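# Descriptive structure summary
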Protein chains: 2
Amino acid sequence: MPQLSNSLDHPLRPFFDPRGIALVGARHSLGFGYGIPLYLQKQGWGNRLFLVNPAGGELHGHPVYTRVQDVPDPVDLAIVIVPAKAVLQVLQEVGERGITRVIIESAGFAETGEEGKALQAEVRTLAVRLGMRVIGPNCVGVVNTANRFASVELLDESLTPGPLAIIAQSGVFGNILLDRLPHCGLAISKAVTLGNRLDVDETEILEYLQDDPLTRVIVLYLEGAAHGRRLRAVLPQVTAQKPVLILKSGRTPIGRQATASHTGSLSGEDALYSALFQQTGAVRADSLSQLIDLARVFTTQPRPRGNRLGIITTSGSLGALAADTAESSGLKVPPLSQQTVVEARDLAPDWMNVKNPLDLGPSGHFPRLLPLILSDPNVDMVLAVMAIPYVAVKSLRTVGIGVKEWFGDIEAVRRQTPEKPLAVAVVGHPELVEEITALAGPSIPVFTTPEPAARALAALWDYGKRRG
Amino acid sequence: MPQLSNSLDHPLRPFFDPRGIALVGARHSLGFGYGIPLYLQKQGWGNRLFLVNPAGGELHGHPVYTRVQDVPDPVDLAIVIVPAKAVLQVLQEVGERGITRVIIESAGFAETGEEGKALQAEVRTLAVRLGMRVIGPNCVGVVNTANRFASVELLDESLTPGPLAIIAQSGVFGNILLDRLPHCGLAISKAVTLGNRLDVDETEILEYLQDDPLTRVIVLYLEGAAHGRRLRAVLPQVTAQKPVLILKSGRTPIGRQATASHTGSLSGEDALYSALFQQTGAVRADSLSQLIDLARVFTTQPRPRGNRLGIITTSGSLGALAADTAESSGLKVPPLSQQTVVEARDLAPDWMNVKNPLDLGPSGHFPRLLPLILSDPNVDMVLAVMAIPYVAVKSLRTVGIGVKEWFGDIEAVRRQTPEKPLAVAVVGHPELVEEITALAGPSIPVFTTPEPAARALAALWDYGKRRG
């Protein structure tokens, strides 16, 4: 059985691995208060879940306690989903019940303006007085795929355990990422949305995830650091252990205004963040799609020993585009070793230029030349560009040649040379993309254009180099 | 009946609209020579297609002529798919038959080295002597969706007529784009792959497409200009008529080497190309995926009157990312007009900040607020970000609320305000992306992250501004 979480006495542990949960704000009408109990029941948490609502009664076959004080032991986490104006009172009761870990999902605090800010400050003061640790408000809390615990309703597919941890501010954003990532080949260890960060912030979560044995890569969406100085102090320790991929909004004045009214974040000057990330070994993504690209490469590929990229391609144009991007992102596309050239020359038809990028055209030699270039001592990683007109795929199929025969057993090639990063780019018909994705298997990221693959490999090299 | 092509006496017309075709190199074994005749027959060209192969006999029910000379009238285009070493002889015979338009698809010329270069020079000399116009060699020639003529086998779906013309150098690249684009909402007017450009080059095709009534946007993949001076002279005329979107490889020395051995192209200094494109009103894409993004926006959206972008979003995070990208790409994200603020304030719940970006959260007011922001006089174009957790979609569905009820009839909104560009970004579950894509209809491009949408809208504004 894998270790589900960090040491038992870590202060954040009850958020991810509670012994019992009080859900304050359980409701009979549609919404969080209705869906979450049903969801946790379905995930096997029914006997550790206690519902609270002054109306009492029963919900999904569970008794609804009218007061938090009545909830039986053991319970070490409260999830609060009552309207903002009721939060202070609820918090008081949660404290009286002796619960010291609280996720406040309710919105209507600092993100709404001055009145909300004042209310949030009151909540904060009360939480401190009660000795509570709080995630939120204005969030959807946590997900832990190892024990299928989540303080938010999710699709089952989002609970497939994997190596990627997510830290976001907004609940919607965290939630839609969890919808999307399983379809990008990414599976999750833990996820946290922090909302307005009244107490627990990204730095503390980073520290927690640094020691989480189930997390190998961390993705952080940030609108502004809660405490820049602490983030600067902690990031180098975390990035020395595992990659931290960061997407930060608020790059422009208008973007900063947008985040201010969203999670009450103060973004600050963007150049300072870029410098901070660079100095602390974090990897900054310049867009949401790049963040996903990076996560796909960082979770599946080993660290390269150098920056020399081999490109093998069935399209000279796509090979040239990949080479351009690689070179301008800090990689080298070096000449192949003498031995590779000799062996490839031996296989190749006369018209083929044996060089890097290696453009095979329609030669059909992919299955033999991919292993050759991957094992070349002059090459630290490989980008394999597979592009073939779909009429050719169909035509080859009529004579018994499938994509596996044409391109080779890519998954087996991966296993034979596990120490070098390998990424695939396939351009063309969606069915070809599907077939190649199946052929590559879960341990090779497949991209639908060459440039993002080259950029992600360059970032992987850069991370390893800075880590030393 | 639409006009299928340009004036009857345009020298390139027979390439796109031949009265009869001689296919030299028809074969019984799998490959181009086997597939193309079958394909043209299927597209309705059987009675205008004449097959030639010294072996004679019959293929797909057609007689195979042993000599080009024997092919009956009318025939004004030859497609040559014989091995490189046979091309000179074939060209001589084609010339004797009086055919003056030739597509040479055979590879094995300048792209293979010195010997191939010499052969290509010989072919060129002969073609000039015979008064021929030649596309190729090392290409797959032309596609004209209006009359379903193509010198290359394609999927039926690639022949759906549309406003986008494609010029590429490599045949594989052109072909895989034609596989892919129909699945990105892009339909084609004409496509040409030029290969080694022994004669006809991109400049001449651009001139031809400039007057093509069925082409509204042109996409050009370029490894290097055949004649920089001519390209510089012609581009401004073309871009004054319709947008020209260019993806150029060979940005780096290694990329230039790659193109040299691919289509024999000399790329030259990249900065010179950037300047040339900028000065001539062309739009340069920095990646293949951006090229596709631009094509989707340019083929569907009107030119904006100004650079003021309204952003409406269900996720504050995604709104901030969109705002950042818009501002750093040359757009403004201005305050909404007083009237819009008053009307929106009237609808909105208390917690909603009525501003730009307009973050609706889970308010459910998308159907009323999208038309409001789109018609705001302070706004020249709109990016609508639709992100909603898929569990919420499912939950809403149980009470009879589908995405159309939640987000509104986006297609109808588009029709009501046709003069302003509108793009959609949807992040989340693939099924949500599908539903929103259906909801948006063919006249609104849907993106799966916000940044590329903002960038494409910025490019649309920039093109219009430079065009004046």
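Here is a short report on the structure shown in this document. (Residues numbered from 1 in each chain as written. Chains lettered and ligands numbered in written order. Predicted model: local features only at pLDDT ≥ 70, side-chain atom pairs only at ≥ 80, totals over all residues. Heavy atoms only, no water.)

Each helix and strand counted, chain A has 18 helices and 19 strands in total. If you line up chain A on its principal axes, its C-alpha atoms span 80 × 50 × 40 Å. Each of the 468 residues in chain A was classed as buried or not, and the buried ones make up 63%. Considering only contacts in chain A between residues 6 or more positions apart, those separated by 24 or more positions represent 73%. Computing the positive centroid from 44 side-chain charges and the negative centroid from 46, chain A places the two 3 Å apart. (Helix = DSSP H or I, 4+ residues; strand = E, 2+ residues; numbered from the N terminus. Buried < 20%, exposed > 50% of the residue type's maximum accessible area, 1.4 Å probe, protein only. Contact = heavy atoms within 4.5 Å. Lys, Arg positive; Asp, Glu negative; His and termini not counted. Charge placed at Lys NZ, Arg CZ, Asp CG, Glu CD.)

We now examine the pairing of strand β1 (residues 21–24) of chain A. All names here are of chain A. Residues I21 and L23 point to one face of β1 and A22 and V24 to the other, with burial holding for every one of them. Here β1 runs beside strand β5 (residues 77–80); their pairing, made up of 4 bridges, is parallel. Each residue of the ladder has a partner; that of A22, found in β5, is A78. (Pairing = 2+ DSSP bridges.)

Residues and elements named next belong to chain B. With 5 of its 5 residues buried, strand β15 (residues 309–313) lies for the most part within the structure. Every second residue of β15 is oriented toward a common face, with L309, I311 and T313 on one face and G310 and I312 on the other, all of them buried. Pairing of β15 with strand β17 (residues 381–386), which is carried by 5 bridges, proceeds in the parallel orientation. Each bridged residue has a counterpart across the sheet, and for G310 the counterpart in β17 is V382. Across 2 bridges, β15 lies against strand β16 (residues 358–359) in parallel orientation. Opposite I312, over in β16, you have L358 as the bridge partner.

All names here are of chain A. The strand order β9-β8-β11-β10-β12-β13-β14 describes an open sheet built from 7 strands, whose pairing is mixed. At either end of the open sheet lies a strand with only one pairing partner, and these are β9 (149–150) and β14 (283–285). As judged from the 5 bridges shared by strand β10 (residues 161–168) and strand β11 (residues 188–193), these two strands associate in the parallel manner. By the bridge assignment, P161 is partnered in β11 with I188.

This paragraph deals with the packing of helix α11 (residues 316–328) of chain A against helix α18 (residues 450–467) of chain A. Residues and elements named next belong to chain A. Running from N to C, α11 and α18 point in directions that differ by 30°, and their axes come no closer than 8 Å. Between α11 and α18, the interaxial angle falls into the category roughly parallel. Between α11 and α18 the crossing geometry is right-handed. Contact with α11, carried on its side by L318, L321, A322, T325 and A326, involves P450, E451, A454 and R455 of α18 and no other residues of that element. Among the residues making up the contact of α11 with α18, the classes are represented as 6 nonpolar, 1 polar and 2 charged. (Axes fitted to C-alpha atoms, helices over the stretch in contact; angles between N-to-C directions. Parallel < 35°, antiparallel > 145°, perpendicular 65-115°, else oblique. Left-handed = near helix turned anticlockwise from the far one by under 90°. Nonpolar A, V, L, I, M, F, W, Y, C, P; charged D, E, K, R; others polar.)

Attention now moves to the interface of chain B and chain A. Bring the parts together and some accessible area is lost; that lost area is often taken as the interface size. With 67 residues of chain B at the interface, the matching set in chain A holds 67 residues. At the boundary of chain B with chain A, total buried surface from both sides reaches about 5,300 Å², with 64% on carbon and sulfur atoms. Between the two partners, chain B and chain A, sit 0 salt bridges. Joining chain B to chain A, the criterion identifies 24 residue pairs in polar contact (both at pLDDT 80 or more). When contributions to the side of chain B that touches chain A are tallied by element, the ones reaching two or more residues are α5 (171–180), α8 (253–263), α10 (288–300), α11 (316–328), α14 (390–398) and α18 (450–467) of chain B. Class assignment for the residues of the side of chain B that touches chain A results in 27 nonpolar, 27 polar and 13 charged. (Buried area = accessible area lost by both parts, 1.4 Å probe. Salt bridge = Lys/Arg side-chain N within 4 Å of Asp/Glu carboxyl O. Polar contact = N/O pair within 3.5 Å; in protein donor to acceptor, adjacent residues only side chain to side chain.)

Attention now moves to unusual backbone geometry. Here the residue pair B:D73 and B:P74 is connected by a cis peptide bond, since its omega of -15° sits within 30 degrees of zero. Residue position: B:P74 is located in the loop between β4 (62–65) and β5 (77–80). Put simply, B:N356 and B:P357 share a cis peptide bond, and its omega is 0°. Although it is not a glycine, A:R148 adopts a positive phi angle of roughly 55°. Mapping A:R148 onto the fold places it in the loop between β8 (141–144) and β9.

All names here are of chain A. The full count for this structure, using the stated rule, is 14 aromatic pairs over all chains. Ring plane angle 55° and centroid distance 5.0 Å describe the contact between W45 and F149, whose orientation is recorded as tilted. Highlighted residues: W45 in helix α2 (residues 32–45) and F149 in strand β9, separated in sequence by 104 residues. Each member of the pair W45 and F149 is classed as buried. For the pair F366 and F407, a centre-to-centre distance of 5.0 Å together with 85° between the ring planes defines the contact as edge-to-face. Here F407 lies in helix α15 (residues 403–407) and F366 lies in helix α13 (residues 366–374), a separation of 41 residues in the sequence. (Phe/Tyr/Trp six-rings, centres within 6.5 Å; stacked < 30°, edge-to-face > 60°.)

Grouped together as the largest cluster of nonpolar side chains are 124 residues, with contacts concentrated most on A:L383 and B:L383. Apart from the residues lying within four places of it in its own chain, the contact partners of A:L383 are A:L309, A:G310, A:I311, A:I312, A:A322, A:A423, A:V424, A:A425, A:P450, A:A453, A:A454 and A:L457. (Core = buried A, V, L, I, M, F, W, Y, C linked by side-chain atoms within 4.5 Å.)

Moving on, we get to the sheet that holds strand β3 (residues 58–59) of chain A. All names here are of chain A. The mixed open sheet is built from 7 strands, whose spatial order is β3-β4-β2-β1-β5-β6-β7. Lying at the two open borders of the sheet, with one neighbouring strand each, are β3 and β7 (133–135). Bridge count for strand β2 (residues 49–52) against strand β4 (residues 62–65) is 2 bridges, and the pairing is parallel. From the neighbouring strand, V52 faces β4, where its bridge partner is Y65.

This brings us to empty space enclosed by the protein. The full count for this structure, using the stated rule, is 6 cavities of 30 Å³ or more. Approximately 70 Å³ is the volume found for the largest cavity. (1 Å grid on protein atoms, 1.4 Å probe; cavity = no way out; pocket = protein on both sides within 12 Å on 5 of 7 lines; lining within 4 Å. Points joined across faces, edges and corners; volume = space filled by probe spheres on them.)

Spanning 13 residues, helix α10 (residues 288–300) of chain A covers 19 Å between terminal C-alpha atoms, matching the ideal 18 Å at 1.5 Å per step. Counting buried positions along α10(A) gives 11 out of 13 residues, so the element sits mostly inside the fold. (Expected span 1.5 Å × (residues − 1).)

Further remarks concern the relation of the copies chain B and chain A. Once chain B has been moved 0.0 Å along the axis and rotated by 180°, it coincides with chain A to within an RMSD of 0.0 Å. When the rotation and shift are considered jointly, the pair of chain copies conforms to a two-fold rotation axis. Rotation axis and chain B: the residue whose C-alpha lies nearest the axis is B:S289, separated from it by 5.7 Å. In this assembly, 100% of the residues forming the interface of chain B have copies in chain A that are likewise at the interface, indicating an isologous arrangement. (Least-squares fit on C-alpha atoms with pLDDT ≥ 70 in both.)

For the rest of this paragraph, the subject is the pattern of salt bridges. It is possible for side chains of opposite charge to pair when their charged atoms get near one another. Within the structure shown, the criterion is met by 36 salt bridges over all chains. Linking B:K465 and B:D462 is a salt bridge whose minimum nitrogen-to-oxygen distance equals 3.5 Å. With B:K465 and B:D462 both in helix α18 and 3 residues apart, this pair spans about one turn of that helix. When its relative accessible area of 46% is taken as the criterion, B:K465 is described as partly exposed. Among the ionic pairs, B:R466 bridges to B:D462, the shortest N-O distance being 3.2 Å. Pair noted here: B:R466 and B:D462 are both in helix α18, with a separation of 4 residues, about one helical turn. Through salt bridges with shared partners, a single network forms among A:R133, A:D199 and A:E204.

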